[in-house]
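Notes for the structure review
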Amino acid sequence: MLQMVESATCNYKYFELKTLTLCGKKHSEGVFMMRKISKYLFFWALGGALYYTFEILFRGFSHWSMYVLGGICFVFFYIQGESMGWQEPVWKQTLRCTVFVTAGEFITGIIVNKWLHYSVWDYSQMPLQVFGQICVPFSLIFGCLSLFGSYFGGFLSYFLYREERPKIILSQKRRQS
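Residues numbered from 1 in each chain as written. Predicted model: local features only at pLDDT ≥ 70, side-chain atom pairs only at ≥ 80, totals over all residues. Heavy atoms only, no water.

Looking at the nonpolar core
The line we're drawing: Only buried Ala, Val, Leu, Ile, Met, Phe, Trp, Tyr and Cys residues count toward a nonpolar core, and they belong to the same one when joined by side-chain atoms within 4.5 Å. Type-normalised accessible area, obtained with a 1.4 Å probe on protein chains alone, sets the label of each residue: buried when under 20%, exposed when over 50%, and partly exposed for intermediate values. Secondary structure elements are defined from DSSP: runs of H or I of at least 4 residues count as helices, runs of E of at least 2 residues count as strands, and each element is numbered from the N terminus. Only heavy atoms matter for contacts: two residues are in contact if any of them lie within 4.5 Å across the pair.
One finds Phe 43, Met 66 and Phe 77 to be the most contacted residues of the largest nonpolar core, which totals 22 residues. For this core, the secondary structure elements donating two or more residues are α1 (29-59), α2 (64-83), α3 (90-115) and α4 (136-161). If you tally residues by element for this core, the top one is α2, at 7 residues. Excluding anything up to four places from it in sequence, Phe 77 contacts Cys 97, Val 101, Ser 146, Gly 149 and Ser 150.

A short note on a nonpolar patch on the surface
Filter applied, for reference: Only residues whose relative accessible area exceeds 30% and that form no salt bridge enter a patch; like-charged residues are grouped when within 9 Å of one another, and nonpolar side chains (Val, Leu, Ile, Met, Phe, Trp, Tyr) when within 5 Å. Only the protein chains shown count as cover for residues, and all accessible areas are computed by the Shrake-Rupley method using a 1.4 Å probe. Put simply, a salt bridge is a Lys or Arg side-chain nitrogen that is within 4 Å of an Asp or Glu carboxyl oxygen.
A surface patch of nonpolar side chains, about 840 Å² in accessible area, is lined by Trp 64, Val 68, Ile 72, Ile 107, Ile 111, Trp 115, Leu 116 and Tyr 118. Looking at the nonpolar patch, the elements with two or more residues in it are α2 and α3. As for its position among the elements, Val 68 is in helix α2. The exposure class assigned to Val 68 is partly exposed, which follows from its relative accessible area of 30%.

Brief notes about the pattern of salt bridges
Applying the stated rule across the entire model yields 5 salt bridges. Put simply, Lys 39 and Glu 163 hold a salt bridge, and the shortest N to O gap is 2.5 Å. Remark: Glu 163 occurs in the segment after α4 and Lys 39 occurs in helix α1; sequence separation between them is 124 residues. For Glu 163, a relative accessible area of 21% puts it in the partly exposed group. Between Lys 167 and Glu 164 there is a salt bridge; the shortest N-O distance is 2.6 Å. Residue Glu 164 is classed as partly exposed on the basis of its relative accessible area, which comes to 42%. In this structure, a network of salt bridges that share partners links the residues Lys 39, Glu 82 and Glu 163.

Have a look at this one:
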């Protein structure tokens with residue numbers, strides 16, 4: 001935000017850009033937002049590439065929609081940990097990420113497989129499946145991947161962007177009344 005400021009000690013006017021402190025240095029608000037956007041784009045591209053590669057290794061093929069969904073999920077893994085200050089137990093973060101991934105897979109599956117008829121995957125032969133788009137066994141696999149992805153994203157932000165180091169908390173201690 002650009003605002004006109006008059007100096008109290010000098011008789012001149014100057015423009016001051018709102019500043020934010022990041023890594024001990026003052027930056028303009030625009031630099032701060034660009035840094036955040038570039039970090040999220042990097043995490044999206046990395047998450048998409050990792051998931052696409054994971055599918056190629058284990059299924060032998062993949063689809064561009066899996067790259068997009070993998071990237072979105074990886075960004076979510078990081079944001080959910082960061083927004084809670086890495087203070088929540090691992091099981092809560094894993095549960096939140098598993099629900100997000102499963103919902104994302106269901107929505108993507110309905111669009112890609114049912115609506116557009118690309119037939120990228122079909123879980124109709126799997127136990128505990130819904131419309132052939134999601135199933136409990138793969139949700140459990142995605143839960144394990146999200147546990148890794150959540151902390152991998154956190155440690156990447158710590159090493160690459162000098163942000164807070166993620167804490168791995170196995171359980172919360174109960175407060176005594």
